[in-house]
Amino acid sequence: MRTPLRQPRIAIIGAGMSGICLGALLTDAGIEDFTLYEKASSAGGTWRENSYPGIACDVPSRFYQYTFARNPDWSRPMAPGAEINAYFAKVARDTGVHDRIQYGAEVARIDWVDGRWSVTTTAGASAAYDFVISATGILHHPRYPDLDGLDTFAGPAFHSARWDHAVPLEGRRIGVIGTGSTGAQIVTDLAGSSAELVVFQRTPHWVMQMRNPEFSRLTRWLHRRFPRYDALTYHGSRLFIESFSSALLRPGLARRFGQWLIRRQLRRIEDPTLRARLTPDFEPMCRRLIISTGYYDAVQRDDVRVVTEAIDQVEPTGVRTADGVLHECDVLVLATGFDSHAYLRPAAMTGPGGLTLDDAWADGPRAYRTIAVPGFPNFFMFMGPNSPVGNYSLVAIAEAQASAMLAWIERWRRREVDTVAPTTEATDAFYRDVDAAMPATVWATGCTSWYVGQGGRVELFPWAPKRFRSMLAAIDDDAFETTTPA
Ligand code: NAP
């Protein structure tokens, strides 16, 4: 007689795209006893938190979706943020994951107690689990600029991820600090509706401008009617992005050609002085490439002014730059990015023997093949250090990571393992390979960005996305320390 499968208790921290992905796969595998801890009052992660004007996905939506829940009804090649948020909410409902989410439950501590994880919320509620999965997202801690006088600004000032929709914008002078992917989307959207848009650029970024027209009714019908065609377009988009990412990753003709195409975009700027001010001094793709529907058009409008002088201080009526000019603004938007190196923190994690995650990461965050940390059994993370997050689809990354986690959870159910954690040797060997491969990548060609962490270490995957999938699909037993049930 076959031994019945064990039912694990699993805590997933975060009900964003990654948490919903794992929840759906667990449900499909017949694993019911899991809880998603969500600090907010609704799911969706980054797509819930970011509601700024112009928010859209800059990865084709056909590829920015789960393979197990494809949406034939995307309105555009790169769907607006609200539509993406609604998609994840729908998947959570359709798969039953929604019923497993505890809202308003922020995790404060995760402690290894008597061979299991104890998860404690900021409200003091604790529960024990066999596995803990971090699905906290990579870009969710807003980074506020350290600008003198910011708190003296008399008008509304808010971070792009904390958009205050009660503030009217029409006919007002709006200052936007930051010109990354977020700033570019905001500027493109607001240009023309405000009295003046003042864009404070510290560093120019490379921009690829492309159209994003609505899909026709016929196209949507074809996707609904022919699921195989829909699947084909998923893989077509995947192949396009993968070829693009792989070509630009390493030196060679393909990278030079791709970079030439990106550089040519600057020809859209007619005024040579403005073009010079918008020309980056680092290689295209070294920072995340900005995909925009109209940034270069927006900055050439009469009502948009790009300021490239350094900001000296913020004053009650505006922003003063180093040349002494005061740029008067009624509203200040801080599109200044996120702390991408926090991972699970500020939640505190203490593993067996009192080892804390902060101690384990004293020299910078490291994870075996992006998902597991030596010394922390039955703990896996989404979008961990060195995940291939560049311009790739985070949904595809999450699916690959979820499958690898699920493989270990299934082994636990079959009683083949009780605890599992990667060895230090395997993790060191992984990082020797990462460190050897990184210098040849485009990210190491001399720029700063949110890709770069402690000690100048690039926290991205230095190989092609295809290798990421095969690497996670083939996890090597020797790389893990396991115990078996008594
Ligand atoms: P970001 O790329 O980190 O850009 C932050 C911007 O703020 C930069 O231009 C930065 O200047 C500027 N900045 C920061 N501190 C400043 C200061 N003290 N004074 C002046 N300028 C300052 O952040 P993001 O634009 O929010 O984008 C982050 C990531 O989110 C993107 O790379 C992307 O992965 C993701 N995202 C995705 C989408 C999507 O459609 N999928 C949309 C938006 C964002 P420097 O360049 O000089 O540092």
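Please read these numbers as outputs of a predicted model, since none were measured by experiment.

Q: What is the right way to read the site of the ligand from this model?
A: Neighbouring the ligand are 24 residues, the closest being Ala-56, Thr-182, Thr-203, Arg-287 and Trp-450. Interatomic distance of 2.9 Å between a backbone N/O atom of Thr-179 and an oxygen atom of the ligand. Within the side chain of Arg-287, an N or O atom sits 2.6 Å from an oxygen atom of the ligand. Contact with the protein chains hides 88% of the accessible area of the ligand, taken as 920 Å² for the molecule alone. The dominant element in the shell around the ligand, judged by the number of residues it contributes, is helix α4 (residues 181-190), at three residues. Here the shell around the ligand is built from residues that sort into nine nonpolar, 10 polar and five charged. The two domains that each donate at least three residues to the shell around the ligand are domain 1 (10-141 + 339-483) and domain 2 (150-215 + 219-334).

Q: What should I look at first to understand the layout of surface pockets in this one?
A: A probe as big as a water molecule, rolled over the atoms, marks out the empty space that is left. Reported here for the second largest pocket is a volume of approximately 310 Å³. Residue lining of the second largest pocket: 16 residues in total, with Gly-54, Ala-56, Thr-188, Asn-212 and Thr-293 positioned closest to the centre. It is α4 that contributes the most residues to the lining of the second largest pocket, four residues altogether. The residue inventory of the lining of the second largest pocket, partitioned by class, reads seven nonpolar, six polar and three charged.

Q: How do you make sense of the sheet that holds strand β2 (residues 34-38) when you look at a structure like this?
A: Consider a sheet: its strands pair through backbone hydrogen bonds, and that pairing is either parallel or antiparallel. Across the sheet, which stays open at both edges, the five strands sit in the order β3-β2-β1-β7-β19 with parallel pairing between neighbours. Two strands close off the open sheet at either side, each with one partner strand: β3 (101-103) and β19 (379-381). When strand polarity is set aside, the average angle formed by the axes of neighbouring strands in this sheet is 20°. Inspection of the sheet shows strand β1 (residues 10-13) paired to β2 by four bridges, in the parallel sense. In the sheet register, Ala-11 faces β2, and the bridge partner there is Thr-35.

Q: Looking at this model, I keep getting lost on the state of the cysteines. Mind explaining?
A: A disulfide bridge is the covalent bond that connects two cysteines by way of their sulfur atoms. Going through the model one piece at a time under the given rule, you end up with one disulfide. In this model, Cys-286 is linked to Cys-447 through a disulfide, with the two sulfur atoms separated by 2.0 Å. The chirality of the disulfide connecting Cys-286 with Cys-447 is left-handed, given an S-S dihedral of about -95°. Linking Cys-286 in the loop between α8 (272-277) and β12 (290-292) with Cys-447 in the loop between α12 (424-437) and α13 (465-473), this pair joins segments that are 161 residues apart in sequence. With a relative accessible area of 17%, Cys-447 lands in the buried category. Between Cys-21, a free cysteine, and Cys-57, which holds the nearest cysteine sulfur, the sulfur-to-sulfur gap is 15 Å. According to the relative accessible area criterion, Cys-21 is buried, its value standing at 0%.

Q: For this particular structure, what's the right way to read α12?
A: For an α-helix the count is 3.6 residues per turn, leaving residues at separations of three or four pointing the same way. Here α12 is 14 residues long and its end C-alpha atoms lie 20 Å apart, about the 20 Å a rise of 1.5 Å per residue gives. Buried within α12 are the following residues: Ala-426, Thr-427, Phe-430, Tyr-431, Val-434 and Ala-437. All buried residues of α12 project into a common sector of 135° when viewed along the axis, lining one side. Away from its buried face, by an angle of more than 90 degrees, α12 presents the exposed residues Glu-425, Arg-432 and Ala-436. Buried-residue contacts for α12 involve β20 (419-422) and α13.

Q: I keep staring at the domain arrangement of the chain and nothing clicks. Help me out?
A: Many analyses report the size of an interface as the accessible area lost when the parts associate. In terms of domains, the chain is made up of domain 1 (10-141 + 339-483) and domain 2 (150-215 + 219-334). If you average the C-alpha positions of domain 1 and of domain 2, the two centres end up 27 Å apart. Between domain 1 and domain 2, the contact holds 47 residues from the first and 48 residues from the second. Summed over both sides, the interface between domain 1 and domain 2 buries roughly 4300 Å², with carbon and sulfur atoms accounting for 55% of that surface. The interface formed by domain 1 and domain 2 holds seven salt bridges in total. We note a salt bridge from Arg-224 to Asp-73, for which the minimum N-O separation is 2.4 Å. At the junction of domain 1 and domain 2, the tally comes to 19 residue pairs in polar contact (both at pLDDT 80 or more). When grouped by side-chain class, the residues that make up the side of domain 1 that touches domain 2 number 24 nonpolar, 15 polar and eight charged.

Definitions and cut-offs
- Residues numbered from 1 in each chain as written.
- Predicted model: local features only at pLDDT ≥ 70, side-chain atom pairs only at ≥ 80, totals over all residues.
- Heavy atoms only, no water.
- Near = heavy atom within 4 Å.
- Polar contact = N/O pair within 3.5 Å; in protein donor to acceptor, adjacent residues only side chain to side chain.
- Areas by Shrake-Rupley, 256 points an atom, 1.4 Å probe, with all protein chains shown as cover.
- Helix = DSSP H or I, 4+ residues; strand = E, 2+ residues; numbered from the N terminus.
- Nonpolar A, V, L, I, M, F, W, Y, C, P; charged D, E, K, R; others polar.
- Domains from an automatic or database assignment.
- 1 Å grid on protein atoms, 1.4 Å probe; cavity = no way out; pocket = protein on both sides within 12 Å on 5 of 7 lines; lining within 4 Å.
- Points joined across faces, edges and corners; volume = space filled by probe spheres on them.
- Pairing = 2+ DSSP bridges.
- Axes fitted to C-alpha atoms, helices over the stretch in contact; angles between N-to-C directions.
- Disulfide = S-S within 2.5 Å.
- Buried < 20%, exposed > 50% of the residue type's maximum accessible area, 1.4 Å probe, protein only.
- Expected span 1.5 Å × (residues − 1).
- Arc of directions from axis to C-beta.
- Contact = heavy atoms within 4.5 Å.
- Buried area = accessible area lost by both parts, 1.4 Å probe.
- Salt bridge = Lys/Arg side-chain N within 4 Å of Asp/Glu carboxyl O.

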